[in-house]
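Below, each chain spelled out in residue letters.
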Amino acid sequence: MIPTPRPRLLSDDEIARLDALLEETHPQESMTVEELDGFLTALVACPEPVPADEWVPLALGVPATELTTRLGEGRARELTRLLERHRSALASQLHEREALSPILAVDEAGRAIGTGWAVGYVRGLGMRPETWDALEEDPEYADAFDAAMRLVEEVEAPEGAAGEPIPDADRQGLVDAMIESAIDVFEFFRDQRARGLGPSEPRRRDAPKVGRNDPCPCGSGRKFKQCCGAPSAGTPPA
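Everything numeric here is computed off the predicted structure, so don't read it as measured data.

1. Comments concerning the overall build of the chain
Looking only at helices and strands, the chain has 10 helices and 0 strands in total. Its helices and strands in sequence order give the chain the pattern α-α-α-α-α-α-α-α-α-α, from N to C terminus. Expressed as a percentage of the 238 residues in the chain, the buried residues total 39%. For the chain, long-range pairs separated by at least 24 residues make up 66% of all intrachain contacts whose partners lie at least 6 apart in sequence. Element-wise, carbon and sulfur atoms account for 51% of the exposed surface of the chain, whose accessible area totals about 13600 Å².

What follows is the structure, encoded as structure tokens:
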């Protein structure tokens, strides 16, 4: 049996084309490609599948039935293919436990800003808000969305409040924490997605729990999550 080829990540040119087609669909309401990347990262982690007929209109900013009218048949098909390819490639990358390659806007100094990705990610979480409750019940994951929310609040502050700028010295750490947490969230729900069940049953532990940020008990000197607790770890990294 010939194995099915893995979805290929979009090239830089394809990412630019996807961004342009999204903007052409609706300049004000469609997502930027950075927002879309965060949005789809949340959706592929969700333990409850979100069908395309729910998420595609949010990405486009218009009902999917209007796509051909706005773009023409050829460009509408092209945009649909790029959307699905990007979603499939993201899912494959996370499923195979590869390093996540987020699409992030940068400032003039080449530093990641992160707010667009965070806004998209939080919108993705909002598609099935009740499914994330299990994270809050585990003290090791209760802060999984804190970095993303802090970045969102910079540009979308609660009503009546002004956005609080993030100091340059803190931004990269928040962006890194947001992406790392997104990977952790995907792993947290891996078994539940595979089983296609409801809320996970409590996990039994025969030994005291080691926190993700605690020193690894193997003695490597690394944090547990970066050593024996890493999703793909079979042996501690050298």
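2. Observations regarding a negative patch on the surface
Together, Glu130, Asp133, Glu136 and Glu137 make up a negatively charged patch on the protein surface. Relative to the elements of secondary structure, aspartate 133 occurs in helix H7 (residues 133-136).

3. Some points on the packing of aromatic side chains
The tally for this structure, following the rule as stated, stands at 6 aromatic pairs. Relative to phenylalanine 145, the ring of tryptophan 132 lies with its centre 6.0 Å away and its plane at 90°, an arrangement referred to as edge-to-face. Taken as a pair, tryptophan 132 in the loop between helix H6 (115-125) and H7 and phenylalanine 145 in the loop between H7 and helix H8 (146-155) lie far apart in primary sequence, 13 residues in all. Judged by its relative accessible area of 5%, tryptophan 132 falls in the buried class. When its relative accessible area of 17% is taken as the criterion, phenylalanine 145 is described as buried. Put simply, the rings of Trp117, Tyr121, Trp132, Tyr141, Phe145, Phe188 and Phe189 pair up and form one aromatic cluster.

4. Notes on the packing of helix H5 (residues 73-95) against helix H9 (residues 168-188)
It is the contact of H5 with H9, at a shortest axis distance of 10 Å, that shows an interaxial angle of 80°. Here H5 is positioned roughly perpendicular relative to H9, judged by the angle of their axes. Only Ile183, Phe186 and Glu187 of H9 make contact with H5, whose side of the interface consists of Ala91, Leu94 and His95. A breakdown of the residues in the contact of H5 with H9 according to their chemical character gives 4 nonpolar, 1 polar and 1 charged.

5. Digging into unusual backbone geometry
Despite not being glycine, arginine 97 shows a phi value in the positive range, around 60°. Counting through the fold element by element, arginine 97 comes out in the loop between H5 and H6. Among the residues examined, arginine 97 registers a relative accessible area of 38% and is labelled partly exposed.

6. Looking at the environment of leucine 174
Position of leucine 174 relative to the elements: it lies in helix H9. Counting along the chain gives 60 residues from leucine 174 to glycine 114, while the straight-line C-alpha distance between them is 8.4 Å. In contact with leucine 174, not counting residues within four places along its chain, are Ala147, Arg150, Leu151 and Ile166.

How each quantity is defined
Residues numbered from 1 in each chain as written. Predicted model: local features only at pLDDT ≥ 70, side-chain atom pairs only at ≥ 80, totals over all residues. Heavy atoms only, no water. Helix = DSSP H or I, 4+ residues; strand = E, 2+ residues; numbered from the N terminus. Buried < 20%, exposed > 50% of the residue type's maximum accessible area, 1.4 Å probe, protein only. Contact = heavy atoms within 4.5 Å. Areas by Shrake-Rupley, 256 points an atom, 1.4 Å probe, with all protein chains shown as cover. Patch = residues over 30% accessible without salt bridge, like charges linked within 9 Å, V, L, I, M, F, W, Y side chains within 5 Å. Salt bridge = Lys/Arg side-chain N within 4 Å of Asp/Glu carboxyl O. Lys, Arg positive; Asp, Glu negative; His and termini not counted. Charge placed at Lys NZ, Arg CZ, Asp CG, Glu CD. Phe/Tyr/Trp six-rings, centres within 6.5 Å; stacked < 30°, edge-to-face > 60°. Axes fitted to C-alpha atoms, helices over the stretch in contact; angles between N-to-C directions. Parallel < 35°, antiparallel > 145°, perpendicular 65-115°, else oblique. Nonpolar A, V, L, I, M, F, W, Y, C, P; charged D, E, K, R; others polar.

Shape is all these values report; function is a separate question.
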